Amino acid sequence: MTNQPITTSVFDLFKVGPGPSSSHTIGPMKAAFDFRQRLSSLEPSIQQQADAVHVLLYGSLSATGKGHGTDRAIVAGLLGWQPETTDPDALLDLLRDSSVSYPIPVGEKTLELEPQHIHFERKRYDSPYANTMVLQLRQGEQVLYEEEYYSVGGGFIIRKGEPDVASDNQDVPFPYSSMAELKEQLKTNNLTLDELMIRNEMAITNRSRADINQRIDQILEFMHKAVRRGLRHKGTLPGSIKLTRKAPILYQKAKGMSQSSDSFLIFLNAYCLAASEENAAGGIVVTAPTSGASGVIPGLTYLAKHHFHHDKLTLRGGMLAAAAIGFLVKHNASISGAEMGCMGEVGTASAMGAAFLTRCAQPNGSISAIEAAAEIAIEHHLGMTCDPIGGYVQIPCIERNAMGAVKSYNAFLLATSGAASVQKISLDAVVKVMKATGRDMSTKYKETSEAGLALSATEC
Ligand code: SF4
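Residues numbered from 1 in each chain as written. Predicted model: local features only at pLDDT ≥ 70, side-chain atom pairs only at ≥ 80, totals over all residues. Heavy atoms only, no water.

Per an unreviewed UniProt entry, the protein carries the name L-serine dehydratase and comes from Spirosoma terrae. In its Cofactor (unreviewed entry) section, the UniProt entry covering the protein states "[4Fe-4S] cluster". (UniProt positions renumbered as here; feature names shortened; annotations may be inferred.)

### Some thoughts on the side chain of Ser23
Looking at the secondary structure, you find Ser23 in helix H2 (residues 22–40). A polar atom in the side chain of Ser23 sits 3.3 Å from the side chain of Ser21. Among residues more than four places away in sequence, those in contact with Ser23 are Pro28, Leu61, Asn131, Ser151, Gly153, Gly155 and Glu447. (Helix = DSSP H or I, 4+ residues; strand = E, 2+ residues; numbered from the N terminus. Polar contact = N/O pair within 3.5 Å; in protein donor to acceptor, adjacent residues only side chain to side chain. Contact = heavy atoms within 4.5 Å.)

### Quick notes on the domain arrangement of the protein
Considered domain by domain, the protein is made up of domain 1 (21–159) and domain 2 (168–459). Summarising the inter-unit geometry, the C-alpha centres of domain 1 and domain 2 are found 29 Å apart. Facing the 22 residues of domain 1 at the interface are 26 residues of domain 2. Taken over both partners, the interface formed by domain 1 and domain 2 buries close to 1600 Å², and the fraction arising from carbon and sulfur atoms is 56%. The dominant element in the side of domain 1 that touches domain 2, judged by the number of residues it contributes, is helix H4 (residues 60–68), at five residues. The residue makeup of the side of domain 1 that touches domain 2, split by class, is nine nonpolar, twelve polar and one charged. (Domains from an automatic or database assignment. Buried area = accessible area lost by both parts, 1.4 Å probe. Nonpolar A, V, L, I, M, F, W, Y, C, P; charged D, E, K, R; others polar.)

As structure tokens, then:
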């Protein structure tokens, strides 16, 4: 495992933006936005020679980028749009008409980006990451300037030649890079997990405690808005599968059976499906830790707020515990479906959800129980492949979020039923196994839609 301390902000893990895929939508949008900024500061002599901008997509971005809306996200970023403030309807309108081009300012001149300038490359490309994109400023066939970006999951990007932008080497008062180190920090400094997370976050972001709390509340509200929209929206989702939205159906059913012991699970399923269906429709969601897995935590937090009536303080503590687990997986394995398969996305979300529930149920937060809950949830997602049909984040993704949340709940129950202290496998060990399993998994099962369920597309 890497020994660099974790310096990711809670608000980089929980990012607001349009669905359906943080690695294929939010990441590319951010990369294109960054490229646009860089074009404006090039030498005027280079700017003057340029006559086109071209975008080359490789790996999983090429294989499933169409279904994930990667091309639209890149146009949006080049137009100067940012994920959090993007209007999802306007995003869906981009590239609808193939005769429309898009103005990109380059110094004093404006270049027209044409749809055919976005290339879904089929050839292999020598790159350290599965999701690679190259943006070029050209004069005819000559490349005047280019940047290479990697979308590493959860909307995080790395520009070639730079360290991971999320790990910007800021000093934190309580450095840790593994669960073992986190536990040591808590013990040595006699801190709760909430307090350690808040104090590190203050150092990373220069925000005040009040500001951080307010932002966590806002993030929860963004999540719950997605749930509420999804519970209302009926009909079919965009794309060739013509998948019917199920959240409103389940919600009505749950409301009609409130005396039944099953209703609690049907409510939870409805909330998770609601947020996931909004994500699949390109609506605004919160990466948790990714967009593909953005139904698990919203579903659980909605349940915690409206069924368990947890107060704001408790929900914030739960979110910080979830973030701690997300950080550890991202830092020591990966949260990208293109690197780890779905165990990196829904598996991580499920572990974060288990930590959330455990912290909420135990105000003084036993770190051993939180660790055990997160470990159990990951352990039972190991080897889970990513094989979305047609490249759409719909099947298996939407139901998988509901299943991930149910596993969170059971992991929380298993860990808090008095057995946490005898848990044999540590979180660090299972994350290590996840990384090794992801490395061994065939590329076909890592967000390329070349195997598994994706091959059943013709039967849909
Ligand atoms: S199968 Fe899992 S990892 Fe793959 S796109 Fe769907 S949610 Fe993401």
